[in-house]
Amino acid sequence: MDKHKKNFSFIAISTVIGFMIAIQFQSIKEPVERDTRDLWQLREALLQEKELQSELISEIRSIEEKLLAYESKQKQSKEQALRDTIEELEFEAGLTEMLVPGVTLKISPILEEIQIGASVSKAVSPELLKRLLNELNMYDAKYISVDGQRIINTTVIRDINNETKIDGHALSSLPIEVKVGVDNIATAEKLYNRIKASKATEEFFTENLKLTISEPNPEVTIPAYDNPIRIRYLESLKADEGGNT
Amino acid sequence: MWLPILGLIAGILLGLLTDIRIPEEYSNYLSIAVLAALDTLFGGIRAHLQNIYDEKVFVSGFFFNIILAASLAFLGVHLGVDLYLAAVFAFGVRLFQNIAVIRRILLTKWSTNKEKLEKN
């Protein structure tokens, strides 16, 4: 009986030991046993890992870009807003060169009609030019330049010592070109037709000048106003003065 | 005394068939428990051969050694000292001593048997 009991405990304990050894063996050997993939399986696994890598890299990149954007936004937000405003104002004031649809008018002397003894007109009178510009403005012209001089809100056209001057630039030699820019090609077409139908041509003719109008052009370059704009009588409005709405 | 080996084989088969795995961080405990159990087993075999075998000592020693070794390893992990090495060292030394004793006993038994055969 005692011997049986002894044998039983020996068997039980050695079984438990064997069990523990087997478990330990399995736990430790597990990674080695598991990696029985062949070349193609390994390639597939590598591909998956690479995809994951590239995904992670692109994610990192996008996040870094965002971070950079945020940083630069923080730094430049006010500056950028001011810059945008300045650009907008310059655009409105005529300090930028424009490439817009429009027409080109050409003022030239009528040489073949000159009679002997009659004076040859060398220049356009300021009145005539003003009248033309007013007419053009009436026909929705947005940006005008005369002989390379941009016409802005404060432009003066006057006669100084028998010379017609636009903001100090003398219009001495004919022919001169008047470039007119509008918002879109349809308006340019309209403008072209209205000038053709207007009296401007005849008015120029009475002064021995010929006004030729080119076909509407989708791209007319209007130069920028190149003199400094002096504002002498303008003052900035304080917040409590006048309506700030 | 082939019973322990039979039990060992049976246990290994059982363990492999059940497909149980333990987490990596607990493999230290299990290895030290295996060592303690082996020490007890060889101690039991030696005691049996020396005829001083006690059932209670054997069974209680088995469990007590395992628990002691595991708790020593646990303490070591929490103290930051590799205390399980102490258990490994102690059990290892005792394992070798026990196996040496078993070998000598078996050798003397074998030589006495041979002498008896020659006398007869």
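Residues numbered from 1 in each chain as written. Chains lettered and ligands numbered in written order. Predicted model: local features only at pLDDT ≥ 70, side-chain atom pairs only at ≥ 80, totals over all residues.

Participant: Teacher, can you tell me more about the overall build of chain A here?
Facilitator: Each helix and strand counted, chain A has 5 helices and 9 strands in total. Across the 245 residues of chain A, 22% fall into the buried class. Across chain A, the fraction of contacts at a sequence separation of at least 24, relative to all contacts at a separation of at least 6, is 81%. (Helix = DSSP H or I, 4+ residues; strand = E, 2+ residues; numbered from the N terminus. Buried ≥ 20, exposed ≤ 12 C-beta atoms within 10 Å, placed from the backbone. Contact = placed C-beta atoms within 7 Å.)

Participant: Is there a simple way to think about unusual backbone geometry in this case?
Facilitator: Leaving glycine aside, a negative phi is the common case for residues, and trans is the common case for peptide bonds. Residues and elements named next belong to chain A. The residue aspartate 140 is not glycine, and still its phi comes out positive at about 70°. For aspartate 140, the location among the structural elements is in the loop between α3 (126–138) and β2 (143–146). Residues other than glycine seldom take positive phi values, yet aspartate 147 does so here, at roughly 55°. Note on placement: aspartate 147 falls in the loop between β2 and β3 (149–151).

Participant: Would you mind showing me how to read the nonpolar core here?
Facilitator: One recurring pattern in soluble globular proteins: nonpolar side chains tend to sit buried together. All names here are of chain A. With 31 residues, the main nonpolar core has Ile107, Val124, Ile144, Val146, Val178, Val180 and Leu191 as its most contacted residues. Mapped onto this core, the elements with two or more residues apiece are β1 (98–109), α3, β2, β7 (176–181), α4 (185–197), β8 (209–213) and β9 (217–222). Beyond its immediate sequence surroundings of up to four residues, valine 146 is in contact with Leu129, Ile151, Ile166, Ile176 and Val178. (Core = buried A, V, L, I, M, F, W, Y, C linked by C-beta atoms within 7 Å.)

Participant: Any chance you could explain the interface of chain A and chain B here in plain terms?
Facilitator: Interfaces are often sized by the amount of accessible area the parts lose when they come together. Across the contact, 22 residues belong to chain A and 30 residues belong to chain B. Of the residues in the side of chain A that touches chain B, the class split is 11 nonpolar, 8 polar and 3 charged. (Nonpolar A, V, L, I, M, F, W, Y, C, P; charged D, E, K, R; others polar.)

Participant: Looking at this structure, I do not really get the sheet that holds strand β4 (residues 157–160) of chain A. What am I missing?
Facilitator: One key point about sheets: their strands pair by backbone hydrogen bonds, in either a parallel or an antiparallel sense. Residue and element names in this part refer to chain A. Strand order in the open sheet formed by 3 strands is β4-β5-β6, with antiparallel pairing between adjacent strands. At either margin of the open sheet sits one strand with a lone partner, and together these are β4 and β6 (169–170). Of the strand pairs in this sheet, β4 and strand β5 (residues 163–166) are connected by 4 bridges, and their pairing is antiparallel. Paired with isoleucine 157 across the two strands is isoleucine 166, which belongs to β5. On top of the sheet, α3 reaches β4 and β5; it is set at about 175° to β4, its chief contact. (Pairing = 2+ DSSP bridges. Axes fitted to C-alpha atoms, helices over the stretch in contact; angles between N-to-C directions.)

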